[in-house]
Amino acid sequence: MVVVIKTTAMKRLTCYCLVIALFTLFSCNAIKKLGQFYINYSAQAVFPANIPVNLPVTINTPPVATNSQQVFQNNNTRSDLIQSVKLDQLALNITSPAGQTFSFLQNISVYIASDSLPEIEIAGKQNIPVDAGDTLTLDVTGADLENYIKASTIKLRVSGTTRQLVTSDINVNMNARFFVQANLLAVL
């Protein structure tokens, strides 16, 4: 009978340990998910009229304020807790002239820089189809952009090659979405 009591006690202890382990695991995953959020930025670029065909063109956007410290605070984290920032999506949308499409482009690349960090490529699209519409979603590189987003401002540069003559300025809105992973467990 003593053996049965020890076996029952061991089963209970094992069950309690399993419950505690599962609770800890799910709590850690829940905290990890709380440390994940997106940051959205927009910038404008203008492809000027009369760009030479089949030659590289470069367009710089005005500096974009990141307001990262406020964004981090709004998401219950701090700059020192950020583990990684990756570009999740970059979409270009032609705002004018009406009816213009991205069929004028052969390829495009977008680069990011800040005052203290070198320029790196973050997205691009090669062999843009001639039937492209007025919205173009670029392929992201997956580069870690943590230090760029922590900077006070970022600069974007667009580089591409046209396949046809552009007769009027083409205004483009660039919408970037960054995925941020913070380590909220470091606070505990």
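Each value, and the rule that gives it
Residues numbered from 1 in each chain as written. Predicted model: local features only at pLDDT ≥ 70, side-chain atom pairs only at ≥ 80, totals over all residues. Heavy atoms only, no water. Pairing = 2+ DSSP bridges. Helix = DSSP H or I, 4+ residues; strand = E, 2+ residues; numbered from the N terminus. Axes fitted to C-alpha atoms, helices over the stretch in contact; angles between N-to-C directions. 1 Å grid on protein atoms, 1.4 Å probe; cavity = no way out; pocket = protein on both sides within 12 Å on 5 of 7 lines; lining within 4 Å. Points joined across faces, edges and corners; volume = space filled by probe spheres on them. Nonpolar A, V, L, I, M, F, W, Y, C, P; charged D, E, K, R; others polar.

Visitor: What should I look at first to understand the sheet that holds strand E4 (residues 82–96) in this one?
Guide: Pairing between sheet strands relies on hydrogen bonds along the backbone, with the strands arranged either parallel or antiparallel. Spatial strand order, E1-E10-E4-E7: four strands in an open sheet with antiparallel pairing. Strand pairing shows two members of the sheet lacking a second neighbour, strand E1 (36–47) and strand E7 (135–137), which therefore form its edges. Going from strand to strand, the sheet's axes swing by 20 degrees on average, the running direction of each strand aside. Across 12 bridges, the pairing between E4 and strand E10 (residues 170–182) is antiparallel. Bridge pairing in E10 places Leu92 opposite Met174.

Visitor: Can you help me understand empty space enclosed by the protein in this one?
Guide: Summary: where empty space remains is shown by rolling a probe the size of a single water molecule over the atoms. With the rule as written, the count across this model stands at one cavity of 30 Å³ or more. Roughly 50 Å³ of internal volume is contained in the largest cavity. Every residue along the wall of the largest cavity is listed here: Tyr41, Ser42, Ala43, Val64, Ile122, Ile154, Leu156, Ala176 and Phe178. Counting residues per element, the ones that place at least two in the lining of the largest cavity are E1, strand E9 (153–162) and E10. Here the residues of the lining of the largest cavity are counted per class, giving eight nonpolar, one polar and no charged.

Taken by themselves, the reported measurements are silent on function.
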